[in-house]
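Structural features, examined
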Amino acid sequence: MFGRKCRLTMAGTAVLFSAGTAVAQECPAINYVKAPAIEADAVVLKCDYAAGRRYSKDTRGSGVAYRDINVVDALPACKEAVALYPDNPRLQFQLGRAYYRAESFSDAANMMHKASEANYAPAITYMGYLYSRGEGVSKDQNRAQALYEKAACAGDAWAMYYLGSRYRAGTHVEENMDKAVEWLSKAVEAGVDDAQYVLGNMMIRGQGVDRNVAKGMELMRKSAEQGDHYAQATYGWFHGAGYYGVRQNKAEANKWYEAAAVRGNDSAKGNLGQNYRWGRGAPKDSAKAAFWSRHAAYHGSGWGLYKAADLYQHGVGVKKDLDRAKDLYLKAAAKYEDGVKDNDASDMHWLGTLYEKGLGVEKNREKAIELFKMAAAEDHQHSIKKLKELGVSLETE
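The sections below set out a description of the structure shown in this document. (Residues numbered from 1 in each chain as written. Predicted model: local features only at pLDDT ≥ 70, side-chain atom pairs only at ≥ 80, totals over all residues. Heavy atoms only, no water.)

Structural notes on the overall build of the protein chain
Heads up, the rule is: Secondary structure follows DSSP: runs of H or I at least 4 residues long count as helices, runs of E at least 2 residues long count as strands, and numbering of each begins at the N terminus. Burial status follows relative accessibility: with a 1.4 Å probe on protein chains alone, a residue under 20% of its type maximum counts as buried, one over 50% as exposed, and anything between as partly exposed. Throughout, a residue-residue contact means that at least one pair of heavy atoms, one from each residue, lies within 4.5 Å. All accessible-area figures derive from a Shrake-Rupley calculation using a 1.4 Å probe, and residue coverage is judged against the displayed protein chains alone.
Assigned secondary structure in the protein chain consists of 19 helices and two strands. Every one of the 397 residues in the protein chain was classed for burial, and the buried ones make up 54%. Of the contacts formed within the protein chain by residues at least 6 apart in sequence, a portion of 53% connects residues at least 24 apart. For the protein chain, the accessible surface area stands at approximately 18000 Å², while carbon and sulfur atoms represent 47% of it.

Brief notes about the packing of aromatic side chains
This is how it is decided: We call Phe, Tyr and Trp rings a pair once their centres come within 6.5 Å, taking the six-membered ring for Trp, and we label the pair stacked below 30 degrees between planes, edge-to-face above 60, and tilted otherwise. Charges are assigned to positions over rings by a cutoff of 6 Å between ring centre and Lys NZ or Arg CZ, combined with an angular limit of 35 degrees from the ring normal.
If you walk through the whole model with that rule in mind, you get 23 aromatic pairs. Ring centres of Y100 and Y126 lie 5.8 Å apart, and the angle between their planes is 80°; this geometry places the pair in the edge-to-face category. Within this pair, whereas Y100 is found in helix α3 (residues 89–101), its partner Y126 is found in helix α5 (residues 121–133), the two being separated by 26 residues in sequence. Look at Y100 and you get buried, because its relative accessible area is 5%. Measuring from centroid to centroid gives 5.0 Å for F291 and W292, while their planes differ by 80°, and the two rings are edge-to-face. We classify W292 as buried; its relative accessible area is 12%. Counting every residue linked through ring pairs, the aromatic cluster contains Y55, Y66, F93, Y100, F105, Y120, Y126, Y129, Y148, W158, Y161 and Y162. The cationic tip of R101 hangs over the ring face of Y66; the distance from NZ or CZ to the ring centre is 4.9 Å. For the cation-ring pair, K307 lies above Y306, with the distance from its terminal atom to the ring centre recorded as 4.0 Å.

Focus: the nonpolar core
Formally: We define the nonpolar core as a collection of buried residues of types Ala, Val, Leu, Ile, Met, Phe, Trp, Tyr and Cys that are connected through side-chain atoms lying within 4.5 Å of one another.
Counting 83 residues, the largest nonpolar core has L130, Y161 and F238 as the members making the most contacts within it. Excluding residues that lie within four positions of it along the chain, F238 makes contacts with N201, I204, M217, M220, Y243, Y244 and V246. Among the nonpolar cores identified, the runner-up in size contains 34 residues, and Y306, L328, W350 and I384 belong to it.

Notes on the pattern of salt bridges
This is how it is decided: What counts as a salt bridge is simple: a side-chain nitrogen of Lys or Arg found within 4 Å of a carboxyl oxygen of Asp or Glu.
The final tally for this structure, using the stated rule, is 17 salt bridges. Between R53 and D156 there is a salt bridge, and its shortest N-O distance comes to 2.3 Å. Residue R53 is located in the loop between α1 (42–51) and α2 (71–84), and its partner D156 is located in the loop between α6 (141–153) and α7 (157–169); the two are separated by 103 residues in the primary sequence. Between K269 and D266 there is a salt bridge; the shortest N-O distance is 3.1 Å. Pair noted here: K269 and D266 are both in helix α13 (residues 266–278), with a separation of three residues, about one helical turn. For the residue pair K269 and D266, the accessibility class agrees, reading buried in each case.

Some thoughts on α13
In an α-helix, one turn spans 3.6 residues; hence positions three or four apart end up facing the same way. To be explicit about the condition: The span expected for a helix works out to 1.5 Å for each residue beyond the first. In protein, a polar contact requires one atom able to donate a hydrogen and another able to accept it; more generally it is a pair of N or O atoms within 3.5 Å, and residues adjacent in sequence count only if both atoms are side-chain atoms.
Between its terminal C-alpha atoms α13 stretches 19 Å, which fits the 18 Å expected from 13 residues at 1.5 Å a residue. Among the 13 residues that make up α13, 11 are buried, leaving the element largely enclosed by the rest of the structure. Taken residue by residue, α13 has D266, A268, K269, G270, N271, L272, G273, Q274, N275, Y276 and R277 as its buried positions. By the N-cap criterion, in which a side-chain oxygen at the helix start approaches the backbone nitrogen of a residue two or three places on, α13 is capped by N265, the distance to S267 being 3.1 Å.

Observations concerning the side chain of N201
Mapped onto the fold, N201 is located in helix α9 (residues 193–205). In this structure the side chain of N201 is engaged in a polar contact, spanning 2.9 Å, whose partner is the side chain of R205.

Thoughts on the environment of E337
Examined against the element boundaries, E337 turns out to sit in helix α16 (residues 322–341). Sequence separation between E337 and L351 is 14 residues; the distance between their C-alpha atoms is 7.1 Å. Excluding residues within four positions of it along the chain, E337 makes contact with L351 and Y355.

Examining unusual backbone geometry
Unusually for a residue other than glycine, N343 sits at a positive phi of about 65°. Within the fold, N343 resides in the loop between α16 and α17 (345–357). One non-glycine residue, D379, adopts positive backbone phi at about 70°. Along the chain, the position of D379 falls in the loop between α18 (365–377) and α19 (381–389). Residue classification places D379 among the buried positions, given a relative accessible area of 11%.

Below is the structure:
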């Protein structure tokens, strides 16, 4: 799913470029503005601790992840702080975050615009994010890219992560794995857990960098421990399947799946549901199997839809309902089809599984093998294993 494979040698445990391998990023001279120092009175501290962003240079405390912002606390605290210090860009930015969490996108954009006009890099990044999504402003990917570049050059860690992710996936820019690794590495140095997950995954699979499973797994673990739910779900999967040299441990897998599931990761919910169904790493529990699988399906996850269909087909934790099962299999297939268009290796594998079994689609062994090969080419371990079971060569033309 990471496209063509440009090789870069990574050196050192901090995942830095070796001398001479980094791609020079031309950055304009930008005066990075830190918010003016203000007295750490009770009003300001309430806003700082309720809506301060992780990895910003001037955040007080450790910062708060977006999904952990409590709007009930953050909005009044930051409104009061901005009223006291109306020209402070950090407080404007934090109020903007609180507005965004409350889905008041126009108010969020207004605050972020004010802070970015003061050349406050975190707000410049956030404006880029708003333009990329068309929330509170008209969608404009070119403007988003320009703002990310400006903020990244000014040293904002999240802008570095967004740029690296865009270049890696070729999202609204031409795919450039050199730039992807450069910016992701800088974000990793700043401690961004999302970047640790992405770069760690690339290193484990040897996609865009020389394969280094040990260093990649270290980054994946760090990201999972910091609370990134994608890393938690993936780290759990490695333990559950015993891939990439990780000793298989279903109980350890369930620990990470549950951590990811409570943070909203639908793949982890589906995996947790399956493990409760079959008693993998935990006692069999049909009720918990149904709870987690249906919860994933409710949010439209292809994996959740697939596993919920399986429960309805066999009457596990729910009343047996073949019509409901058929409908869910159809929806799962459609979801996976969308993922295949986006070059998602996992969706390739599971759509192949549906074709292999004739669930939601007409049974088609050739189509299944084609999809397994596509996923295997992206180092999807389940597909590699499946092709071996089917006696099919892993070589592709």
